[in-house]
Amino acid sequence: MKFKVYKLFMNYEREEKWLNEMAAKGMHLVDFSFGRYVFEEGTPGEYIYRIELLENLPSSAESRAYIRWMEESGVDCVASYIRWVYFRKKASEGPFDLYSDIDSKISHYKKIAMFIGLIGGLNLAVALLNVFIGLSVGSGGYTYANIYISIVNWILVALLLPMFISHIRKIKTLEKEKLLFE
Amino acid sequence: MPPKDQNALTEGVYYILIALHTPLHGYGIMQFVKEVSDERVNLGPGTLYGAINTMLEKNWIVATATDADTRKKEYVITDVGREVVQTEMKRLEELLENGRKITGVESDEV
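What counts, and at which threshold
- Residues numbered from 1 in each chain as written.
- Chains lettered and ligands numbered in written order.
- Predicted model: local features only at pLDDT ≥ 70, side-chain atom pairs only at ≥ 80, totals over all residues.
- Heavy atoms only, no water.
- Phe/Tyr/Trp six-rings, centres within 6.5 Å; stacked < 30°, edge-to-face > 60°.
- Helix = DSSP H or I, 4+ residues; strand = E, 2+ residues; numbered from the N terminus.
- Buried < 20%, exposed > 50% of the residue type's maximum accessible area, 1.4 Å probe, protein only.
- Lys NZ or Arg CZ within 6 Å of the ring centre and 35° of its normal.
- Contact = heavy atoms within 4.5 Å.
- Buried area = accessible area lost by both parts, 1.4 Å probe.
- Salt bridge = Lys/Arg side-chain N within 4 Å of Asp/Glu carboxyl O.
- Nonpolar A, V, L, I, M, F, W, Y, C, P; charged D, E, K, R; others polar.

The name given to chain B in an unreviewed UniProt entry is PadR family transcriptional regulator, with the source organism recorded as Anaerobacillus alkaliphilus.

As named in an unreviewed UniProt entry, chain A is DUF2812 domain-containing protein, taken from Anaerobacillus alkaliphilus.

Asker: Outline the packing of aromatic side chains, supporting the account with residue identities and numerical values.
Answerer: Residue and element names in this part refer to chain A. Across all of its chains, the model carries 17 aromatic pairs over all chains by this definition. With a centroid separation of 5.8 Å and 25° between ring planes, the pair formed by Phe 3 and Phe 39 is classed as stacked. Taken together, the positions of Phe 3 in strand E1 (residues 2–6) and Phe 39 in strand E3 (residues 36–41) put the pair 36 residues apart, joining distant regions of the chain. Of the residues examined, Phe 39 reaches a relative accessible area of 0% and is grouped as buried. A network of ring pairs unites the aromatic residues Phe 3, Phe 9, Trp 18, Phe 32, Phe 34, Tyr 37, Phe 39, Tyr 81 and Tyr 86 as a single cluster. The side chain of Lys 7 reaches across the aromatic face of Trp 18, ending 5.2 Å from its centre. The ring centre of Tyr 47 lies 3.7 Å from the NZ or CZ of Arg 88, which sits over that ring.

Asker: Talk me through the interface of chain B and chain A; I want residue IDs and the actual numbers.
Answerer: Counting from both sides, the interface comprises 21 residues of chain B and, opposite them, 19 residues of chain A. Counting the surface lost from both chain B and chain A, the interface buries some 1,500 Å², and carbon and sulfur atoms represent 56% of this. In terms of surface lost to chain A, no three residues of chain B exceed Pro 45, Thr 47 and Tyr 49 of chain B, which account for 37% of the buried area on that side. Scanning the region where chain B abuts chain A turns up 0 salt bridges. Elements supplying a minimum of two residues to the side of chain B that touches chain A: helix H1 (11–19), helix H2 (26–36) and helix H3 (45–57) of chain B. Here the element with the most residues in the side of chain B that touches chain A is H3 of chain B; it accounts for 6 residues. Of the residues contributing to the side of chain B that touches chain A, the split by class is 9 nonpolar, 7 polar and 5 charged.

Quick look at the structure:
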């Protein structure tokens, strides 16, 4: 039986954790589009889910080759959204991690940190611009509309910043590990 | 020819190169490495994908004809790749020998 859940995540790690908790209860993700998750009921714990950020859009030749590779390796791509993809693998085949050595983990986290940094930075720029416009327009006796608009961007910055920092920390920790281990 | 001062291989790359002494596709490599390392080394598909592409660029491995039944691409080690493995084995032997000599501990005592 299929059913839908509407939910919004800013943090892909929390999202991945939630998907795995759902899978443990026998609810397996089969489709996703913005805020809308489609689950199918099945055997509890049958699949392990992983979310990854691709370097290119899923429709590009590079990404198609990568997704085909995954499918040949026993990993299904259940959904994609912009550059994000949702992979799953049968839990019976053992642990499922996309990356198994320090170097590839570092480049995986760097890719995501850059993505978060770019979106966060853009929102920060828009937020500052709106505050600036709001202040200069408002001072003439008009409304401070732009300042109110900027709140949305400030919220996004506030949500993305901790994620950005946690990724930078992860990269730093792994780089330290690399001095001692492979 | 691999350079004399060849850097240490990652254990994943080392095992992939050993695996490819017989032609295998990606999934086959993962299974082989898992089996031969007694499930200790579990290659992530993302890591393996990156490693294979880099090794293809370096000509350590080549893609052979695609498997007719499964349509999966198979890879095999080249002469350059074999030399890389042999250089690495010499390096590992040196490490092990010096470790044994100095600590006086044989591997079966650990």
